[in-house]
Protein chains: 2
Amino acid sequence: MALGIIATIEAQPDQIEFVEQTLKDVVPPSRQDEGCEYYTLTRDRENERVFVMVEQWRDREALDAHLASEHYKQMAMTLENRIAQMAVREYDVLT
Amino acid sequence: MALGIIATIEAQPDQIEFVEQTLKDVVPPSRQDEGCEYYTLTRDRENERVFVMVEQWRDREALDAHLASEHYKQMAMTLENRIAQMAVREYDVLT
């Protein structure tokens with residue numbers, strides 16, 4: 001069963017543009033990851049500090065390989081002190 | 001700019017299967033709606049009562065046409081007394 005991910009990332013108040021660019025940069029290589037079925041960065045219309053990465057992966061294995069990739073690890077390290085919080089929720093894709 | 005929608009629907013405890021099927025039924029016709037770029041039903045892995053419809057629309061106009069469609073209105077009416085709550089958040093698609 002495919003796996004859906006909704007990752008909500010809140011930028012520090014003075015880091016919004018930096019966080020946006022860092023997240024944008026990880027989208028192209030992530031879309032090339034094997035088993036990536038959907039990977040899109042969005043911003044909450046009511047809060048410019050809140051970004052949501054919406055993802056769909058063929059299976060757990062594909063997601064795990066993505067999380068171990070250089071581009072993902074590089075992004076996580078870069079964002080470390082620039083975000084207020086990050087929440088990742090997993091979903092079973094039913095359709 | 002494309003529009004992202006994350007609609008979180010919590011089924012009444014005794015209506016989970018009915019709500020799941022009703023939501024599944026609206027996916028095929030919604031994917032045919034003009035300007036629909038992504039439309040997928042998922043279930044929260046930690047709470048079987050919680051479904052999340054993840055959507056992406058070319059623009060506001062496409063979303064409004066969907067909300068006025070027979071299949072959407074039929075679904076909304078059918079679910080009325082069978083869900084505990086529904087929250088719809090809008091996002092600007094950045095990539």
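Provided above is the structure to which this section pertains.
Now for a quick tour of the structure. (Residues numbered from 1 in each chain as written. Chains lettered and ligands numbered in written order. Predicted model: local features only at pLDDT ≥ 70, side-chain atom pairs only at ≥ 80, totals over all residues. Heavy atoms only, no water.)

Time to look at the sheet that holds strand S1 (residues 3–11) of chain B. Strands sit in the order S1(A)-S3(A)-S2(A)-S4(B)-S1(B)-S3(B)-S2(B)-S4(A) around a closed barrel of eight strands; the barrel is antiparallel. Direction aside, neighbouring strands of the sheet carry axes that sit 30° apart on average. With nine bridges joining them, strand S1 (residues 3–11) of chain A and strand S4 (residues 83–93) of chain A adopt antiparallel strand pairing. Counterpart to A:Ala7 in the pairing with S4(A) is A:Val88. Helix H2 (residues 60–67) of chain A contacts S1, strand S2 (36–44), strand S3 (50–57) and S4 of chain A of the sheet and is inclined by roughly 135° relative to S3(A). (Pairing = 2+ DSSP bridges. Helix = DSSP H or I, 4+ residues; strand = E, 2+ residues; numbered from the N terminus. Axes fitted to C-alpha atoms, helices over the stretch in contact; angles between N-to-C directions. Contact = heavy atoms within 4.5 Å.)

Attention now moves to the relation of the copies chain B and chain A. Superposing chain B onto chain A takes a rotation of 180° plus a shift of 0.0 Å along the axis, which leaves an RMSD of 0.0 Å. Classification of the inter-copy transformation places it as that of a two-fold axis. Here 100% of the interface residues in chain B have copies in chain A that are interface residues too; the copies meet face to matching face. (Least-squares fit on C-alpha atoms with pLDDT ≥ 70 in both.)

We now examine the side chain of B:Glu10. Residue and element names in this part refer to chain B. With respect to the element layout, Glu10 can be found in strand S1. A polar contact is formed between the side chain of Glu10 and the side chain of Arg49, at a distance of 3.1 Å. Only 2.8 Å separates the side chain of Glu10 from the side chain of Gln85, close enough to count as a polar contact. Beyond its immediate chain neighbours, meaning those up to four positions away, Glu10 contacts Arg49, Val50, Ile83, Ala84 and Gln85. (Polar contact = N/O pair within 3.5 Å; in protein donor to acceptor, adjacent residues only side chain to side chain.)

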